[in-house]
Amino acid sequence: MLLKKTPLGIHYDTTGLCASNLVCAPTCSIALQKTERESPVIHPDGTCVRKAGVVYCSGMSKKQKKPPKREQTEKEPRRKTPTFLLELPLEVNAGQAKRIRGHLEAGRQFYNAVLSEGQRRLRRMRDDPAWQAARALPRTRKQERAMAFRALRELYGFSEYALHEYAKTVRQAWIADHLDAVLAQTLATRAYDALNRVCLGEARRVRFKSRGRGLSSIENKRNDTGLRFVLHKPAEGNQGYLIWKDDQLAASIDWNDPVVKYGLDHRIKYVRLVQRKASSPQAKAADAQGYHYDVQLALEGVPYRKPKHTVGSDTVGADLGPSTIALVPQQAAASLEVLCEELVADEKEVRRLQRQMDRQRRAANPDNYDEQGHIKKQGQNKLHWKASRNYEKTRRRKATKERKLAAHRKSLHGKKAHEIVAVGNTVILEKLSYKAWQKQYGRSVGLRAPGMFVELLKRTVASTGGILIEVPARSTKLSQFCHGCGRCLKKPLSQRWHQCACGVGPVQRDLYSAFLAAYLDPDHLLPSCAQYVIPWEGAEARLRAAHEQAQQRANEGQSLPRSFGLAKAGARRPSSLSEATPEPAFLLTQGRLEAWKHRSEPPLL
């Protein structure tokens, strides 16, 4: 038996026998096995045992009997829990606001530095011939493609953790005084997410944060260090503070609000500081630069549900358009409405301010326009634009209007989602590309945001225990299918009515698609004639009633989209029963003065 003693007094057994075989006493040190054999070695007297290359003997102390790391049980994967947000306003004085602006400016420069480095690595990776070779692999060979792209990412350091390592080298000198390590990691993760979307083809380019735009938000990963929110106990006053560096920013908490009270009873995962532009520096809670600050708490659990928001058990079929939504439940009444119709007035106010800004910009920069009023083309040379004080005031007003419009749209989305869930928590609709709608219906999609509404509806339905099913439009073809004869007839978008020779129809196209979606089998998402025969007998009257309600709104003068398939009665109906009185001189030249004098009754409409 060969023994070797290190300077630390640790005995090694080079022959596979326990180093303490000769002397097994309390003075025995940890005996380690250097050989690759894993079979246990047991003393003749049963006092020492070697497991997994480590020798344990009875002379070892309890502190020395720790199992090796590879024998320890692996850590369980982090449990994923639902998350919801609660936003609270902050009370910030002038000194605190100045320091926050400094921190956010440091975060902006740090983010741009990491984004620039990630963009450089992405370009080098794409210029490698191996990248094109990996793209040329057929998509049926998924594992081989994934391994090829993974190897390229590791070679060029294009990964989230690689950018985390680069962030350590950037967070030095004065930046370290503003950003701690965790905040730097979250900013590096944000930069990687933007670059990864470009890498996957989901975006064309990344946008750097300019000094004018700035960094409007920053968040942490946890709530025990760095940027964190501290809530005092009831005995201490129930006060909440956002702590960042040496500043304690008091939060305005309304404990009488059930939503706030419900949220603060849950565990805080992490916090986010948000900076928003106020209407003016004189606005309430605004600093000298015209900003106000809020804290968003990411809380563990599901959001608060008000008692007035009930949950139904019906199945609802939906057909969503760029500006319309058709709902047909299996039992309740159907409806055909304009999505977020109340936003039209807000949009008009924003357009007025846009026209005012254009006039002010033209007045301040007359040399930048040609004789026809078009902006001069200078090639690579950039035009210098002057901004007057009135222009800056109008721009602030416009930004405030747009912020209020976004908040109003979000409120309308939530209201409509709760109305749908009150009827049924199983919603079936076609899976569409809302991004593709932006090319043809950009103004309507930008105003009403149908894709955002579907995401909100999906979360709302899931929070109630229901499900939202998005069926593939290519296979179901709800707009082309006829349940009477089972045929699929392609219709142009201008054809807004479904009428088949088999006797089905006429019925409004969107309502009919929503009816077909309501009775789809979730296991077999292909429409079948047999499953629509009985439901159609009761649904036809409900669809006709929904169409008549839309027709009545049009007759009353309401402007409805052309996708409703209704004549715009309000456009041709005059405001009064009598015609506008023309000038007698005009009638005299036409030889109709006597006829105008003897006319007594209004014309028939």
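Model, not experiment: these values are computed from the prediction. (Residues numbered from 1 in each chain as written. Predicted model: local features only at pLDDT ≥ 70, side-chain atom pairs only at ≥ 80, totals over all residues. Heavy atoms only, no water.)

Visitor: It is not clear to me how unusual backbone geometry should be interpreted in this structure. Could you clarify?
Guide: As a rule of thumb, non-glycine residues mostly have phi less than zero, and peptide bonds are mostly trans rather than cis. Backbone torsion omega between Gly505 and Pro506 reads 5°, so that peptide bond is classified as cis. Positionally, Pro506 belongs in the loop between strand S18 (497–498) and strand S19 (507–508). Phi angles above zero are rare outside glycine, and Lys245 is one such case at about 55°. Considering the arrangement of structural elements, one finds Lys245 in the loop between strand S9 (240–244) and strand S10 (247–251). Relative accessible area serves as the criterion here: at 35%, Lys245 is assigned to the partly exposed category. For Lys477, which is not glycine, the phi dihedral falls at a positive 55°. For Lys477, a relative accessible area of 35% corresponds to the partly exposed category. (Helix = DSSP H or I, 4+ residues; strand = E, 2+ residues; numbered from the N terminus. Buried < 20%, exposed > 50% of the residue type's maximum accessible area, 1.4 Å probe, protein only.)

Visitor: How should the pattern of salt bridges be read in this particular structure?
Guide: Side chains that differ in sign of charge can pair as their charged atoms come close. The final tally for this structure, using the stated rule, is 28 salt bridges. Here Glu105 makes a salt bridge to Arg108, at a shortest N to O gap of 2.7 Å. Separated by three residues within a single helix, Glu105 and Arg108 lie in helix H1 (residues 94–127), roughly one turn from each other. Both residues of the pair, Glu105 and Arg108, count as buried. (Salt bridge = Lys/Arg side-chain N within 4 Å of Asp/Glu carboxyl O.)

Visitor: How should I be thinking about the sheet that holds strand S8 (residues 228–231) in this particular structure?
Guide: Strand pairing in a sheet relies on backbone hydrogen bonds. The paired strands run either parallel or antiparallel. With antiparallel pairing, seven strands are arranged side by side in an open sheet as S7-S11-S12-S6-S10-S9-S8. The open sheet is flanked by strand S7 (217–219) and S8, the only strands paired with a single partner. With strand direction ignored, the average angle separating the axes of adjacent strands in the sheet is 35°. Strand contacts of helix H5 (residues 181–199): S7 and S9, with the helix running at about 120° to S7, the strand carrying the most contacts. (Pairing = 2+ DSSP bridges. Axes fitted to C-alpha atoms, helices over the stretch in contact; angles between N-to-C directions. Contact = heavy atoms within 4.5 Å.)

Visitor: For this particular structure, what's the right way to read the nonpolar core?
Guide: A general tendency of soluble globular proteins is for nonpolar side chains to be buried together. Core analysis: the largest hydrophobic core is formed by 53 residues, its most contacted members being Leu88, Phe110, Ile218, Phe229, Leu242, Leu273 and Leu297. Setting aside residues up to four positions removed in sequence, Leu273 forms contacts with Leu90, Ile100, Ser216, Ser217, Ile218, Leu227, Leu242, Trp244, Tyr293 and Asp294. Of all hydrophobic cores here, the second largest spans 33 residues; its members include Ala334, Leu516, Ala546 and Ala550. (Core = buried A, V, L, I, M, F, W, Y, C linked by side-chain atoms within 4.5 Å.)

Visitor: How should I be thinking about the packing of H1 against helix H3 (residues 142–156) in this particular structure?
Guide: Two quantities define a packed helix pair, namely the angle between the axes and the distance from one axis to the other. Packing of H1 against H3 brings their axes to within 10 Å, and their N-to-C directions diverge by 130°. Regarding the angle of H1 to H3, the classification is oblique. Viewed along their axes, H1 and H3 form a crossing whose handedness is right-handed. Along the contact surface, H1 presents Arg121, Arg124 and Met125, while H3 presents Leu152, Arg153 and Tyr156. (Parallel < 35°, antiparallel > 145°, perpendicular 65-115°, else oblique. Left-handed = near helix turned anticlockwise from the far one by under 90°.)

Visitor: Hey, could you run me through the pairing of strand S14 (residues 324–329) in this one?
Guide: Two faces belong to every sheet, and in a regular strand the side chains alternate between them. Judged by how many residues are buried, S14 sits mostly within the fold: six of six residues are covered. Of the two faces of S14, both are covered, the one formed by Thr324, Ala326 and Val328 as well as the one formed by Ile325, Leu327 and Pro329. Where strand S13 (residues 315–320) lies against S14, five bridges are found, and the strand directions are antiparallel. Looking across to S14, one finds that Ala318 is bridged to Leu327. Counting the residues between successive antiparallel strands, the hairpin from S13 to S14 contains three residues. Counting the residues that bridge the hairpin from S14 to strand S15 (residues 335–338) gives five residues.

Visitor: How do you make sense of the side chain of Arg108 when you look at a structure like this?
Guide: For Arg108, a relative accessible area of 9% corresponds to the buried category. Looking at Arg108, its side chain comes within polar contact range of the side chain of Glu105, at 2.7 Å. If we skip the residues at most four places from it in the chain, Arg108 touches Lys209, Ser210, Arg211, Gly214 and Leu215. (Polar contact = N/O pair within 3.5 Å; in protein donor to acceptor, adjacent residues only side chain to side chain.)

Visitor: Explanation requested: the side chain of His164 in the structure shown.
Guide: Here His164 lies in helix H4 (residues 160–170). In this structure His164 comes out as buried when scored by relative accessible area, which is 8%. Among the polar contacts made by the side chain of His164, one reaches the main-chain carbonyl oxygen of Gln185 at a distance of 3.3 Å.

Visitor: Looking at this model, I keep getting lost on the sheet that holds strand S16 (residues 426–431). Mind explaining?
Guide: Here we have five strands laid out as an open sheet, ordered S15-S14-S13-S16-S17, and mixed in their pairing. Either end of the sheet is taken by a strand with one partner, and the two such strands are S15 and strand S17 (467–472). Between one strand and the next, the sheet's axes are offset by a mean angle of 25°, whatever the strand orientation. In this sheet, S15 lies alongside S14 in antiparallel orientation, the contact comprising four bridges. Pairing of Ala326 across the sheet is with Leu336, part of S15. Set on the sheet, helix H11 (residues 450–463) makes contact with S13, S14, S16 and S17; between it and S17 the angle comes to about 135°. Of the strands in this sheet, S14 and S15 are in contact with helix H14 (residues 533–555), which crosses S15 at around 35°.

Visitor: In this structure, what is going on with H5? I would like to understand it.
Guide: Residues spaced three or four apart along an α-helix point in a common direction, a consequence of the helix completing one turn every 3.6 residues. The end-to-end C-alpha separation of H5 is 26 Å, in line with the 27 Å expected for 19 residues at 1.5 Å each. Note on H5: the residue one or two positions beyond its end, Gly201, has a positive phi of about 85°. (Expected span 1.5 Å × (residues − 1).)

Visitor: Hey, could you run me through the state of the cysteines in this one?
Guide: Simply put, disulfide is the name for a covalent bond between the sulfur atoms of two cysteines. Tallied over the full model, the rule gives zero disulfides. The thiol of Cys485 is not disulfide-bonded; the next cysteine sulfur, from Cys500, is found 3.6 Å away. Classification of Cys485 by relative accessible area gives partly exposed; the value is 33%. As a non-bridged cysteine, Cys500 has Cys502 as the owner of its nearest cysteine sulfur, 3.5 Å distant. When its relative accessible area of 16% is taken as the criterion, Cys500 is described as buried. (Disulfide = S-S within 2.5 Å.)

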